[in-house]
Amino acid sequence: MRAILCDRLGDPSVLKLVELPTPAPKAGEVLVRVRAAALNFPDVLTVAGQYQRKPPLPFTPGIEGAGEVAALGEGVSNLNPGQPIIFGSRSGCFAEYAVARAVDAIALPNDWSFAEGAAYQVGAKTAYHALVHRGRLQPREVLLVHGASGGMGMAAVQLGKHLGARVIATGSDNARLEVVRGLGADFVVNYQEADFVPTVKGLTDGRGADVVFDPVGGEVLARSLRCAAFGARVLVIGFTSGGPTALQSNHVLIKGLSILGVRAGEASRHDPKIAAEYARELPRLAAAGVMRPHISHRFPLERVQEAMTVLTERKVVGKVVLEIA
């Protein structure tokens, strides 16, 4: 099979297209003929050796995809050969074939493309775990979503509206924010043009946001504490701004804030009940069209370096996908 190989750490230029043996599924796994795979910032960080999980070299990147079931491992009864599925894996999706745990696979909705399916699971699972399990978002609460024009941010905006929240979305580009507005955001704020702290306070009569969804980190996260409501839940999703953030503990104390880390995949590996809930709720939400991905860039497998570069250069609106013939 054709696959992307990372045999040394660095920027996207270290990735190369090679021929590798087709893997075989073990018990509880399926072999998938991959038709599309989505890129995520953890892929960039993993290739650079900067992610918390460091697979041994060499490895094939890619943590989410969509395709057809090619073979079943021992004991798999919930899927059938030829069935179109959405799947996730800790690595290996940037290839013509990949293995995945059968329990993590969900049916591709009938009206979705493989590209949309490939771009669904990471954002949807993260948004669901963040807003439902960690943030306990309630109807009529105010949800502040940073990085709203990215894949995870867009999923959070859509799920927040589905859960009945009032959604304020931030980003750094007006055109991209208009896409986010079209997905249901009640208000959008370009933080390159306006300070989101007084804007959020103004929109909430001085009260602030009940839940903050932040995949950006850095100064954005630090400033979010200033416009969080008393008792707010601040969800730390990631650090696309560059690295961990130092927070002022006086804001945490005075406002009674909860600072909550969000690791959706790790949570399901630690708690089978969470994994079972993902398996039940994510297909239901997908079938209802909730968190349907927006894809701005599509590339063939051999242009993975270019695809990863547009992601790192913040040119993507929603998701970028590799389409595999």
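Remember, predicted model here, so these are calculated numbers, not experimental data.

1. Considering the overall build of the chain
Helix and strand counts for the chain stand at eleven helices and 15 strands. Taking 325 residues into account, the globule formula puts the C-alpha radius of gyration at 20 Å, and the chain, at 19 Å, falls close to it. Considering only C-alpha atoms, the chain reaches an extent of 60 × 40 × 35 Å along its principal axes. A buried classification covers 53% of the 325 residues belonging to the chain. Across the chain, contacts joining residues at least 24 apart in sequence account for 67% of those joining residues at least 6 apart. A total of about 13,700 Å² of accessible surface is found on the chain, and carbon and sulfur atoms cover 51% of it. Positive and negative side-chain charges of the chain, numbering 35 and 30 respectively, have mean locations separated by a distance of 5 Å.

2. Description of the environment of Ile 324
Following the sequence through the fold, Ile 324 ends up in the segment after strand E15 (319-323). Here the alpha-carbon distance between Ile 324 and Ser 149, two residues 175 residues apart in the chain, equals 25 Å. Among residues more than four places away in sequence, those in contact with Ile 324 are Arg 2, Arg 33, Val 34, Arg 35, Ala 36, Cys 93, Ala 95, Glu 96 and Leu 301.

3. Some thoughts on the pattern of salt bridges
Counting across every chain of the model gives 21 salt bridges. Put simply, Glu 313 and Lys 315 hold a salt bridge, and the shortest N to O gap is 3.0 Å. A relative accessible area of 44% places Glu 313 in the partly exposed class. Through salt bridges that share partners, Arg 90, Arg 263, Glu 266 and Arg 269 make up one connected network.

4. Describing the side chain of Glu 29
Position of Glu 29 among the secondary structure elements: in strand E3 (residues 29-38). Although buried, Glu 29 forms no salt bridge, and the nearest oppositely charged side chain, Lys 26, lies 5.8 Å from it. Looking at Glu 29, its side chain comes within polar contact range of the main-chain nitrogen of Lys 26, at 2.8 Å. If sequence neighbours within four positions are ignored, Glu 29 has contacts with Ala 24, Leu 72, Gly 73, Val 76, Val 99, Ala 100, Arg 101 and Ala 102.

5. Quick look at the nonpolar core
Grouped together as the largest cluster of nonpolar side chains are 42 residues, with contacts concentrated most on Tyr 120, Leu 131, Leu 143 and Met 291. If you list the elements that add at least two residues to this core, you get helix H3 (121-134), strand E8 (142-145), helix H4 (151-162), strand E9 (166-171), helix H5 (174-182), strand E11 (209-214), helix H9 (264-270) and helix H10 (272-287). Not counting residues up to four positions away in its chain, the partners in contact with Tyr 120 are Glu 64, Ile 86, Ile 106, Trp 112, Leu 282, Leu 285, Ala 286, Val 290, Met 291 and Pro 293.

6. Some points on the sheet that holds strand E13 (residues 258-261)
Pairing is parallel across the open sheet formed by six strands, whose spatial order is E10-E9-E8-E11-E12-E13. Looking along the sheet, the strands with just one partner apiece sit at the ends: strand E10 (187-190) and E13. In this sheet, adjacent strand axes meet at a mean angle of 20° when their direction is disregarded. Where E8 meets E9, four bridges bridge the pair, whose relative direction is parallel. Paired with Leu 143 across the bridge in E9 is Val 167. Along the sheet, H3 contacts E8, E11, strand E12 (228-236) and E13; its crossing angle with E11, the most-contacted strand, is approximately 150°. Those strands touched by H5 are E9 and E10, and its axis lies near 165° from that of E10.

7. Here we look at the packing of H3 against H10
If you want to describe how two helices pack, look at the angle between their axes and the distance between the axes. In the contact formed by H3 and H10, the axes pass within 11 Å of each other and the chain directions differ by 110°. One finds that H3 runs roughly perpendicular with respect to H10. For the crossing formed where H3 meets H10, the hand is right-handed. From H3, Ala 124, Lys 125, Tyr 128, His 129, Val 132 and His 133 reach across to H10, where they touch Ile 274, Glu 277, Tyr 278, Glu 281, Leu 282 and Leu 285.

8. Examining helix H6 (residues 196-203)
Among the residues of H6, those classed as buried are Phe 196, Val 197 and Val 200. The buried side chains of H6 occupy one side of the element, clustering within an arc of 105° when seen end-on. Taken together, the buried residues of H6 touch E8, E9, E10, E11 and helix H7 (218-224). Asp 205 lies just past H6 and shows a positive phi near 55°.

Parameters and conventions
- Residues numbered from 1 in each chain as written.
- Predicted model: local features only at pLDDT ≥ 70, side-chain atom pairs only at ≥ 80, totals over all residues.
- Heavy atoms only, no water.
- Helix = DSSP H or I, 4+ residues; strand = E, 2+ residues; numbered from the N terminus.
- Rg over C-alpha atoms; globule rule 2.2 N^0.38 Å.
- Buried < 20%, exposed > 50% of the residue type's maximum accessible area, 1.4 Å probe, protein only.
- Contact = heavy atoms within 4.5 Å.
- Areas by Shrake-Rupley, 256 points an atom, 1.4 Å probe, with all protein chains shown as cover.
- Lys, Arg positive; Asp, Glu negative; His and termini not counted.
- Charge placed at Lys NZ, Arg CZ, Asp CG, Glu CD.
- Salt bridge = Lys/Arg side-chain N within 4 Å of Asp/Glu carboxyl O.
- Polar contact = N/O pair within 3.5 Å; in protein donor to acceptor, adjacent residues only side chain to side chain.
- Core = buried A, V, L, I, M, F, W, Y, C linked by side-chain atoms within 4.5 Å.
- Pairing = 2+ DSSP bridges.
- Axes fitted to C-alpha atoms, helices over the stretch in contact; angles between N-to-C directions.
- Parallel < 35°, antiparallel > 145°, perpendicular 65-115°, else oblique.
- Left-handed = near helix turned anticlockwise from the far one by under 90°.
- Arc of directions from axis to C-beta.

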